[in-house]
Amino acid sequence: MSRRIHVLPGFGLSLGYTLVYLSLIVLLPLSAVFLKTATLTLQQFWDVISAPRVLASFKLSFGAALLAAAINAVFGLMLAWCIVRYEFFGKKLIDALVDLPFALPTAVAGIALTALYAPNGWIGSLLAPHDIKVAFTPLGVLVALIFIGLPFVVRTVQPILEDMETELEEAAASLGAQRWQTFRHVILPTLAPALLTGFALAFARAVGEYGSVIFIAGNMPMVSEIAPLMIITKLEQYDYTGATAIAVAMLLISFALLLAINLLQGWNKKGKR
Amino acid sequence: MSAAAASLPVHVPVRTHRDYQASPATREASWVRWTLLALSLGFFALFLLLPLVAVFAEALRKGWGVYFAALVEPDAVASIKLTLLAAVIAVPLNLVFGIAAAWAIAKFEFRGKQFLITLIDLPFSVSPVIAGLIYVLVFGAQGWFGPWLQEHDVKILFAVPGIVLATIFVTFPFVARELIPLMEAQGREEEEAAIVLGASGWQAFWRVTLPNVKWGLLYGVILCNARAMGEFGAVSVVSGHIRGLTNTLPLHVEILYNEYNFAAAFAVASLLALLALVTLALKTYIESRQEYVA
Amino acid sequence: MSIEVRNIKKSFGEFHALGDVSLDFPSGELVALLGPSGCGKTTLLRIIAGLEFADSGQVLLEGEDASDTHVRERQVGFVFQHYALFRHLSVFENVAFGLRVKPRGQRPGEAAIRRKVRELLELVQLDFLAERYPSQLSGGQRQRIALARALAVEPRVLLLDEPFGALDAKVRKELRQWLRRLHDELHITSIFVTHDQEEALEVADRIVLMNHGKVEQVGTPQEVVERPGTDFVADFLDLDDHGPAWLVEAKIRHRGYSLRAANELERAA
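A.B. asks: Give me the overall build of chain A: which residues, what numbers.
C.D. replies: Helix and strand counts for chain A stand at 13 helices and zero strands. Counting helices and strands in the order they occur from the N terminus, chain A gives α-α-α-α-α-α-α-α-α-α-α-α-α. With the C-alpha coordinates aligned to their principal axes, the bounding extent of chain A is approximately 85 × 65 × 35 Å. Sequence separation of 24 or more characterises 75% of the internal contacts of chain A that already satisfy a separation of 6 or more. A total of about 11,600 Å² of accessible surface is found on chain A, and carbon and sulfur atoms cover 69% of it. Taking the average location of the 18 positive side-chain charges in chain A and that of its 15 negative ones, the two points are 8 Å from each other.

Written out as structure tokens, the structure reads:
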């Protein structure tokens with residue numbers, strides 16, 4: 001019996017095309033990384049990624065990304081709150097400009113931040129007298145990662161905040177809660193999953209970020225070299241194996257961290273039910 | 001790995017405004033309000049606004065003459081052309097892919113759908129440098145196809161095809177991830193209605209599906225284009241940085257900057273910043289349209 | 001046109017939606033498929049339309065096996081539960097859609113399309129809404145536009161999935177009397193799916209009672225009320241609780257009455 005299963009046509013064509021294109025552009029090239037690593041012995045792999053310079057770059061990349069995501073979680077929440085709850089001059093413009101880091105090429109962001117925070121820049125010259133150096137230090141890396149991650153937090157929290165029923169807060173107030181208590185026990189728990197998602201997205205983006213960081217970082221070995229730069233350095237020395245090993249380590253660590261965050265979120269949801 | 005996958009949360013614009021300040025239950029003390037506003041707007045100005053202003057200020061520091069000279073210089077023009085070329089190839093390819101993927105995923109039921117969506121999102125969770133690296137491993141001299149390509153004198157790496165491929169990779173999910181949730185939410189009843197009324201599959205697609213998702217489609221295309229023209233890390237790895245040949249606009253910015261030709265670097269960068277502003281303006285416009293339609 | 005289904009079976013995975021259903025729908029009748037949700041009535045309707053395909057069994061339209069005929073060629077009119085109006089098209093263009101997508105040779109000219117759409121909008125008494133968009137209509141108006149759209153291609157049968165399900169009580173009452181009148185005018189073989197026994201008793205010429213993918217009883221409203229075939233039928237029609245069958249009968253008579261009244265009104269007008 002040869003009967004049509006679907007009334008709408010094009011299932012085979014569209015799914016087939018999707019799978020072929022996905023395989024050619026993404027899956028096959030990506031599998032190259034893992035196949036390349038498979039040619040290494042565990043000892044070789046370990047030697048590459050435990051080299052002090054590589055370890056330092058991992059510490060910087062993951063540490064700065066975590067810190068930047070945490071700072072963005074706080075200020076992103078505040079910004080989203082202000083955009084949703086308050087009326088102020090230029091609000092629409094600010095709402096639109098929050099997405100700037102998505103739209104602005106990272107290299108442009110990189111040189112602009114460097115110009116601002118260099119010792120002779122607008123902000124750098126204000127900090128220099130106090131002996132604070134931002135550009136060409138790990139602090140510069142942090143600044144760039146904050147820039148790149150901010151919209152992730154704002155844009156995941158904002159819709160939840162907009163949809164939140166004011167009845168909840170009114171109920172809390174009617175039960176005698178202070179404004180702060182309402183925020184702490186009613187609003188924040190409602191926003192927590194979105195906030196965590198925004199944090200995770202900002203973190204994931206920051207770990208792999210390259211363009212906006214390399215200009216401001218100064219790229220001093222052991223001090224302000226990020227992990228993606230280590231990959232490039234290895235590639236420039238034609239050390240493909242070394243580059244691949246670092247890439248795989250990066251992918252594995254960020255996947256593990258994100259998996260943990262996903263689990264945390266699932267657990268958080270379950271606890272609520 | 002859904003958290004890793006999502007990169008651009010779809011932004012639902014502010015809808016019917018509620019007056020939060022009217023009720024004491026949803027209002028903070030005014031000192032709290034002012035502190036929050038001052039902190040977040042200060043943060044916004046410091047991290048987002050100032051860099052944007054700095055681009056244009058630095059670009060014009062040495063006057064309009066130097067500014068325009070930097071833009072019409074042959075290497076700059078070549079990089080503009082290459083950037084446009086990469087976008088003109090990458091965006092339509094990912095557009096067609098996005099439509100095909102959304103059609104299959106949103107209009108049909110099949111096993112492994114969720115897994116497929118995760119795979120489509122994968123390029124968002126891969127560092128741009130790693131995105132470049134994978135093509136080096138495939139097409140490089142020591143790579144899978146390296147020897148074969150060399151034998152037949154085909155250049156992919158450190159040439160235009162490599163740049164285009166890397167651009168396609170990093171912009172891969174943009175259109176698909178706009179369309180999939182949109183088309184899933186719209187269901188398939190309207191297409192079924194069209195078919196019952198005698199429309200062919202193509203007619204149903206052109207006359208019903210496409211008009212219904214056109215704003216979401218445009219949204220995805222605009223974001224895809226912005227990323228395609230602005231990509232730095234992935235393209236940097238596969239480009240080889242040959243002036244006038246394999247330099248895109250962002251790479252040209254880097255070269256000028258590393259040569260301490262700051263005025264020119266920022267002049268070229270200001271072009272990209274303008275592109276970003278146009279992107280944001282279009283995006284905001286589309287969001288207001290979507291709001292209107294919904 | 002008559003419709004016949006023979007030995008239709010359909011499962012979704014483990015779930016048996018329809019287990020060996022055979023039915024006859026005589027030409028020109030208005031039939032209700034009545035049953036609780038999940039009884040397979042909508043699946044059966046979609047199989048008749050060609051939107052779903054049975055695992056085994058046949059659908060015969062006018063005595064001809066249509067099981068492998070594509071929905072496009074079956075010439076059925078289908079009214080979706082949530083209407084499925086094209087939201088980006090005006091009411092006029094919604095109704096005109098079926099005419100505009102005809103192959104070039106059979107497509108009527110622009111003037112003919114306009115005339116036809118006007119006629120249909122007048123038939124559903126909504127010609128003043130032609131330029132509106134679906135989002136600007138009320139539920140009852142959407143329902144009638146969906147019907148006009150389905151009728152535009154001159155279907156041989158009309159299939160309606162829970163036609164009044166999404167409407168509030170008052171509009172629902174009005175619309176079902178209106179549907180009955182419309183059917184008396186057009187005499188097109190029609191099947192509608194409902195879970196509301198009152199609706200079925202009031203509107204249909206014949207009722208098919210279904211439960212768990214099986215047909216429990218087929219009969220006129222009078223027959224199923226007076227002689228419920230199974231316990232399920234008696235139970236589902238509420239014949240025990242509301243006890244006296246005369247109450248239900250009154251409802252059926254009420255339909256005849258309102259019908260007469262409508263005809264008289266028309267004559268008077």
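A.B. asks: Quick one: what's the story with the interface of chain B and chain A, residue by residue and with numbers?
C.D. replies: Each partner contributes residues to the interface: chain B has 104 residues there, and chain A has 99 residues. Counting across the interface, chain B meets chain A through two salt bridges. The salt bridge partner of Lys283(B) is Asp99(A), with a shortest N-O separation of 2.3 Å. Per-element tally for the side of chain B that touches chain A: the top contributor is helix H2 (residues 30-59) of chain B, with 20 residues. The residue inventory of the side of chain B that touches chain A, partitioned by class, reads 73 nonpolar, 19 polar and 12 charged.

A.B. asks: Break down a nonpolar patch on the surface for me, with residues and values.
C.D. replies: A surface patch of nonpolar side chains, amounting to about 460 Å² of accessible area, comprises Tyr17(A), Leu85(B), Val88(B), Ile89(B), Leu93(B) and Val96(B). Judged by its relative accessible area of 30%, Tyr17(A) is partly exposed.

A.B. asks: Could you give me a rundown of the packing of helix H6 (residues 106-117) of chain A against helix H8 (residues 138-163) of chain A, with the residues and numbers involved?
C.D. replies: Two measures define how a pair of helices packs: the angle their axes make with one another and the distance between the axes. All names here are of chain A. At a minimum axis separation of 10 Å, H6 and H8 run at an interaxial angle of 135 degrees. Accordingly, the angle class assigned to the pair H6 and H8 is oblique. H8 is crossed by H6, and the crossing has right-handed handedness. Judged by residue contacts, Thr106, Ala109, Leu113 and Tyr117 of H6 engage Val143, Ala144, Phe147 and Ile148 from H8. In terms of residue class, the contact of H6 with H8 is built from seven nonpolar, one polar and no charged.

A.B. asks: How would you sum up the pattern of salt bridges? Please name residues and give values.
C.D. replies: Within this structure, the stated rule accounts for 33 salt bridges over all chains. Here Glu58(B) ties to Arg61(B) by a salt bridge, and the two come within 3.1 Å at their closest N and O atoms. Judged by relative accessible area, Glu58(B) falls into the buried class, the value being 13%. One salt bridge connects Glu226(C) with Arg227(C), and the closest N-O pair in it is separated by 4.0 Å. When salt bridges that share partners are traced, they join Asp95(A), Asp99(A), Arg155(A), Lys283(B) and Glu287(B) into one network.

A.B. asks: Can you explain the sheet that holds strand S1 (residues 3-12) of chain C? Please cite residues and give values.
C.D. replies: Residues and elements named next belong to chain C. Read from one edge of the open sheet, four strands run S2-S1-S4-S5, paired in antiparallel fashion. This sheet does not close on itself; its edge strands, each paired only once, are strand S2 (15-25) and strand S5 (64-65). Bridge count for S1 against S2 is seven bridges, and the pairing is antiparallel. Paired with Ile8 across the two strands is Val21, which belongs to S2.

A.B. asks: Give me the pairing of strand S4 (residues 56-61) of chain C: which residues, what numbers.
C.D. replies: Residue and element names in this part refer to chain C. Across five bridges, the pairing between S1 and S4 is antiparallel. Counted as the bridge partner of Glu4 is Leu60 from S4. Sheet topology note: the S4/S5 ladder contains two bridges and is antiparallel. By the bridge assignment, Leu60 is partnered in S5 with Asp65.

A.B. asks: Quick rundown of the packing of helix H1 (residues 11-38) of chain A against helix H8 (residues 160-171) of chain B? Include the residues and the values.
C.D. replies: Where H1(A) contacts H8(B), the two axes come as close as 10 Å, and the packing angle between them is 110 degrees. Comparing their axes, H8(B) and H1(A) come out roughly perpendicular. The element H1(A) and its partner H8(B) pack so that their crossing is left-handed. Between H1(A), through Tyr21(A), Ile25(A) and Val26(A), and H8(B), the contact on the second element is made entirely by Leu165(B), Ile168(B) and Phe169(B). Looking at the contact of H1(A) with H8(B), its residues break down into six nonpolar, no polar and no charged.

A.B. asks: Lay out the nonpolar core in plain terms, naming residues and giving numbers.
C.D. replies: Within the largest apolar cluster, 245 residues are counted, with the highest numbers of intra-cluster contacts made by Tyr117(A), Ile231(A) and Ile120(B). Sorting elements by how many residues they give to this core places helix H3 (residues 52-85) of chain A first, with 17 residues. Shared between two domains, this core takes at least three residues from each, and those domains are domain 1 (1-38) and domain 2 (41-272) of chain A. In contact with Ile231(A), other than residues within four places in its own chain, are Ala243(A), Ile246(A), Ala247(A), Met250(A), Val129(B), Ile130(B) and Leu133(B). With 49 residues, the next largest nonpolar core counts Ala130(C), Ile207(C), Leu209(C) and Phe236(C) among its residues.

A.B. asks: Before we move on, could you go through the domain arrangement of chain A and cite the residues and values that matter?
C.D. replies: Residue and element names in this part refer to chain A. Per the domain assignment, the segments of chain A are domain 1 (1-38) and domain 2 (41-272). Between domain 1 and domain 2, the C-alpha centre-to-centre distance is 33 Å. Of the roughly 510 Å² buried at the junction of domain 1 and domain 2 (both faces included), carbon and sulfur atoms supply 86%. When the buried surface of domain 1 facing domain 2 is broken down by residue, Phe34, Lys36 and Thr37 rank first, second and third, together holding 75% of it. At the junction of domain 1 and domain 2, the tally comes to zero salt bridges. Across the domain 1-domain 2 interface, the total number found is zero residue pairs in polar contact (both at pLDDT 80 or more).

A.B. asks: Can you explain the sheet that holds strand S10 (residues 214-219) of chain C? Please cite residues and give values.
C.D. replies: Residue and element names in this part refer to chain C. In space, the six strands of this open sheet follow the order S6-S7-S8-S3-S9-S10, with mixed pairing throughout. Of all the strands in the sheet, just strand S6 (76-79) and S10 have a single pairing partner and so form its edges. Sheet twist, expressed as the average angle between the axes of neighbouring strands with direction ignored, equals 15 degrees. The pairing of S6 with strand S7 (residues 157-161) spans four bridges and is classified as parallel. Counted as the bridge partner of Gly77 is Leu158 from S7.

A.B. asks: Outline the environment of Gly65(B), supporting the account with residue identities and numerical values.
C.D. replies: Residues and elements named next belong to chain B. The residue Gly65 is located in helix H3 (residues 63-72) in this model. Relative accessible area serves as the criterion here: at 55%, Gly65 is assigned to the exposed category. Sequence separation of Gly65 and Phe158 is 93 residues, and the distance between their C-alpha atoms is 33 Å.

A.B. asks: Tell me about the environment of Ala269(B), and name the residues and values.
C.D. replies: Tracing the backbone shows Ala269(B) in helix H14 (residues 262-293). Ala269(B) sits in the buried class, given a relative accessible area of 0%. Residue contacts for Ala269(B): discarding those within four places in its chain leaves Val108(A), Ile111(A), Val55(B) and Val253(B).

A.B. asks: Any details on H3(B)? Residues and values, ideally.
C.D. replies: Residue and element names in this part refer to chain B. Among the residues of H3, Tyr67, Ala70 and Leu71 are the ones counted as buried. All buried residues of H3 fall inside an arc of 100 degrees around its axis, so they share one side. Among the exposed residues of H3, those oriented more than 90 degrees off its buried face are Gly65 and Val72.

Cut-offs applied
As a convention, each chain's residues are numbered from 1 in the sequence order in which they are written. Each chain takes a letter, starting from A, and each ligand takes a number, starting from 1, following the order in which they are written. Per-residue local features are limited, in this predicted model, to residues with pLDDT of at least 70; the limit for side-chain atom pairs, both in listing and counting, is 80 or more; totals at the level of whole chains, interfaces and linings are taken over all residues. Processing note: side-chain calculations cover all non-hydrogen atoms of the structure and skip hydrogens and water entirely. Put simply, DSSP H or I for four residues or longer makes a helix, DSSP E for two residues or longer makes a strand, and each gets a number counted from the N terminus. Here, two residues are considered to be in contact whenever any of their heavy atoms come within 4.5 Å of each other. Residue exposure ignores everything except the shown protein chains as possible cover, and the areas themselves are Shrake-Rupley values with a 1.4 Å probe. The positive count covers Lys and Arg only, the negative count covers Asp and Glu only, and His and the chain ends enter neither. To locate a charge, take atom NZ for lysine, CZ for arginine, CG for aspartate or CD for glutamate. The term salt bridge refers to a pairing of a side-chain nitrogen on Lys or Arg with a carboxyl oxygen on Asp or Glu at a separation within 4 Å. The nonpolar class holds Ala, Val, Leu, Ile, Met, Phe, Trp, Tyr, Cys and Pro. Asp, Glu, Lys and Arg form the charged class, and all remaining residues, Gly among them, are polar. Patches here are clusters of residues that have more than 30% relative accessible area and form no salt bridge, with a 9 Å joining cutoff for like charges and a 5 Å cutoff for nonpolar side chains (Val, Leu, Ile, Met, Phe, Trp, Tyr). Relative accessibility under 20% of the residue-type maximum defines a buried residue, over 50% an exposed one, and the middle range a partly exposed one, all with a 1.4 Å probe and only protein chains included. The axes used here are C-alpha line fits, helices contributing only the stretch in contact, and every angle between their N-to-C directions lies in the interval 0 to 180 degrees. Each angle is binned into one of four classes, with values under 35 degrees roughly parallel, values over 145 roughly antiparallel, values of 65 to 115 roughly perpendicular, and all other values oblique. In this scheme, a crossing is called left-handed if the near helix is turned counterclockwise away from the far one by less than a right angle; it is called right-handed if the turn is clockwise. Should DSSP find at least two bridges between two strands, the strands are regarded as paired. The set of buried Ala, Val, Leu, Ile, Met, Phe, Trp, Tyr and Cys residues whose side-chain atoms join them within 4.5 Å is what this entry labels a nonpolar core. Note that domain bounds follow an automatic or database assignment of domains. Put simply, buried area is the surface a 1.4 Å probe can reach on two separate parts but cannot reach once they are joined, added for both. We define a polar contact as two N or O atoms separated by no more than 3.5 Å, with the added condition that, inside protein, one atom must be a possible hydrogen donor and the other a possible acceptor, whereas residues neighbouring each other in sequence contribute only through side-chain atom pairs. The arc in question is traced by the directions running from the helix axis to the C-beta atoms.

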